[in-house]
Amino acid sequence: FFDERLQRYLAWHRKSQLPEYASLLNKVADDVNDGLDEQEIQWFQHETERLAGVLMVRLAPDVAAVFADASDEQLTQLYKALDKDGERYRKRYVKQSLQQQQESQVDDVIDTIERWAGSLNDEQTLLVNQWGEQYQPMGDELYQAGLKWRTEFKQTLNGRRESEQYSLRLRSLLTTPDFGWTEAFTLKMSENKQSLSQLYFALDKTFSDKQRKRIMNTLRDYAEDFEQLAKENE
């Protein structure tokens, strides 16, 4: 049952989503070539979130169907794994000091940028470090939201024998990325996203011709891969 649903999902993803990814990356490559503005960066952030949401909307019914037939023992093992992941997250992002959390974010952003642009120069590294000093850590809020999510997930799966109500409830949970967020956390998340957008805008002004070319080439290489993969099994 799982394998059948998975193959159906992958075929849908290949045909309908990979062309969208290719189109998106080619547009971003064009924007990078001309120089990015904040509106374009925010649009890209929005599109990546939208496409992630599309995946979950398509996947949620299959996830609900798979779990509907799970045994109590299987769910017990699943809950233990989720709790273990939550504890690992707590140790890494909640128990750290403010400085450690900010430094971790700086490292993550630098790693991300260097995957696309290559090594950053001193000016660019300084910009990221300055951004890190303004970053508002969200580890505890995300951990608390995760606890609420896992509680709701367990309660939902406990009612999996009530097919219609269970399926609707689980599909709603899986397609609500901000489940368990407080109003204050939602505001903090928005401010951090805005701050990151401003960082990328500032960095774009500092990219050398070599870095800009590398970013564009990498984007177009991925786009070409997606286009080719989408044509498989036609």
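If you're wondering where the values come from, they're calculated on a predicted model, not measured in any experiment.

## Points about helix 5 (residues 122-134)
Okay, so step 1: For helix 5, which comprises 13 residues, the first-to-last C-alpha distance of 19 Å matches the rise-based estimate of 18 Å (1.5 Å per residue) to within 8%.
Okay, so step 2: Residues Gln124, Val128, Trp131 and Gly132 constitute the buried set of helix 5. Summarising the axial view, the buried residues of helix 5 lie within an arc of 105°, below the 170-degree limit, and thus occupy one face. Across from the buried face of helix 5, at angles greater than 90 degrees, the exposed residues are Asp122, Glu133 and Gln134.
Okay, so step 3: Looking at the buried side of helix 5, the elements it contacts are helix 4 (98-117), helix 8 (183-204) and helix 9 (209-230).
Okay, so step 4: The N-capping residue of helix 5, defined by a side-chain oxygen 3.1 Å from the backbone nitrogen of Glu123, is Asn121.

## Quick word on the nonpolar core
Okay, so step 1: Ranked by size, the top nonpolar core spans 33 residues in total, and within it Val32, Val109, Ile113, Val128, Trp131, Leu199 and Leu219 carry the most contacts.
Okay, so step 2: Elements that contribute at least two residues to this core include exactly helix 1 (2-34), helix 2 (38-68), helix 4, helix 5, helix 8 and helix 9.
Okay, so step 3: Considering every element that reaches this core, the biggest residue donor is helix 1, with 8 residues.
Okay, so step 4: Excluding residues that lie within four positions of it along the chain, Ile113 makes contacts with Gly118, Leu120, Val128, Tyr200 and Leu203.
Okay, so step 5: Judged by nonpolar contacts, the second largest core, of 11 residues, contains Ala60, Leu170, Leu173 and Leu174.

## Let's talk about the side chain of Asp31
Okay, so step 1: Secondary-structure assignment places Asp31 in helix 1.
Okay, so step 2: When near neighbours in sequence (up to four residues on either side) are disregarded, Asp31 contacts Leu36 and Glu40.

## Details of helix 3 (residues 72-94)
Okay, so step 1: For helix 3, spanning 23 residues, the distance from its first C-alpha to its last is 31 Å, which sits close to the expected 33 Å at 1.5 Å a residue.
Okay, so step 2: Three or more residues of helix 3 are buried, namely Leu75, Tyr79, Gly86 and Tyr93.
Okay, so step 3: The inward-facing, buried residues of helix 3 abut helix 2, helix 4 and helix 6 (139-158).

## Concerning the packing of aromatic side chains
Okay, so step 1: Tallying each qualifying case throughout the model produces 9 aromatic pairs.
Okay, so step 2: Aromatic side chains Tyr21 and Phe226 sit 5.7 Å apart centroid to centroid with 70° between the ring planes, which places their arrangement in the edge-to-face category. You can see Tyr21 sitting in helix 1 and its partner Phe226 sitting in helix 9, a full 205 residues away along the chain. Summarising the burial analysis for this pair, Tyr21 and Phe226 share the class buried.

Conventions used here
Residues numbered from 1 in each chain as written. Predicted model: local features only at pLDDT ≥ 70, side-chain atom pairs only at ≥ 80, totals over all residues. Heavy atoms only, no water. Helix = DSSP H or I, 4+ residues; strand = E, 2+ residues; numbered from the N terminus. Expected span 1.5 Å × (residues − 1). Buried < 20%, exposed > 50% of the residue type's maximum accessible area, 1.4 Å probe, protein only. Arc of directions from axis to C-beta. Contact = heavy atoms within 4.5 Å. Polar contact = N/O pair within 3.5 Å; in protein donor to acceptor, adjacent residues only side chain to side chain. Core = buried A, V, L, I, M, F, W, Y, C linked by side-chain atoms within 4.5 Å. Phe/Tyr/Trp six-rings, centres within 6.5 Å; stacked < 30°, edge-to-face > 60°.

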